[in-house]
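Given next are the chains, with one letter for each unit.
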Amino acid sequence: QVQLVESGGGTVQPGGSLTLSCAASGLAQHFYYAIGWFRQAPGKDREGISCITSTYGNILNADSVKGRVTISRDKNTVYLRMTDLKPEDTAVYYCAAKLYQRPGFWCSFLGYDFWGQGTQVAVSS
């Protein structure tokens, strides 16, 4: 059973930085997968913001956050470092996993199979 748990959310001032963590379990038997970060603000659709693959570390960042996010992986944990935070970054942030049959795929924000329960990020003065 795949399980994902997000942590690291909180309240920060505009222009501040924050690092979110996604602890994954149950993926050891899957050789190929992607981990993505998503967010959903009040009254808005869910939005993919960053993705990293398990093969060669291919990365995809959404246009809305390019230059302000860094995704990385260390063993069973995927991190999302966010800088220069803006009020519009306020949202619940989720990590998700997508399984693949073969290597050699590109990151995308579609077709994720497993989801964490989310961690709240609030950006305000």
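Remember, it's a predicted structure, so these values are computed and weren't measured experimentally. (Residues numbered from 1 in each chain as written. Predicted model: local features only at pLDDT ≥ 70, side-chain atom pairs only at ≥ 80, totals over all residues. Heavy atoms only, no water.)

A.B. asks: Lay out unusual backbone geometry in plain terms, naming residues and giving numbers.
C.D. replies: The phi torsion at Lys75 lies on the positive side, around 55 degrees, for a residue other than glycine. Relative to the helices and strands, Lys75 is located in the loop between strand 7 (69-74) and strand 8 (77-82). Judged by relative accessible area, which is 73%, Lys75 ranks as exposed. Its identity as a non-glycine residue notwithstanding, Asp84 has a phi of 50 degrees, on the positive side. Among the structural elements, Asp84 can be located in the loop between strand 8 and strand 9 (91-99). (Helix = DSSP H or I, 4+ residues; strand = E, 2+ residues; numbered from the N terminus. Buried < 20%, exposed > 50% of the residue type's maximum accessible area, 1.4 Å probe, protein only.)

A.B. asks: An account of the pattern of salt bridges is requested, with residue identities and associated values reported.
C.D. replies: Here the structure, examined in full by the defined rule, presents six salt bridges. Note that Arg39 and Asp89 form a salt bridge whose closest N and O atoms lie 2.8 Å from each other. On the criterion of sequence distance, the pair formed by Arg39 in strand 4 (residues 33-40) and Asp89 in the loop between strand 8 and strand 9 is long-range, its members being 50 residues apart. Assigned by exposure class, Arg39 and Asp89 land together as buried. Close ionic contact of Asp84 with Lys86 constitutes a salt bridge, the shortest N to O distance being 3.4 Å. One salt-bridge network, held together by shared partners, links Arg39, Glu47, Arg68 and Asp89. (Salt bridge = Lys/Arg side-chain N within 4 Å of Asp/Glu carboxyl O.)

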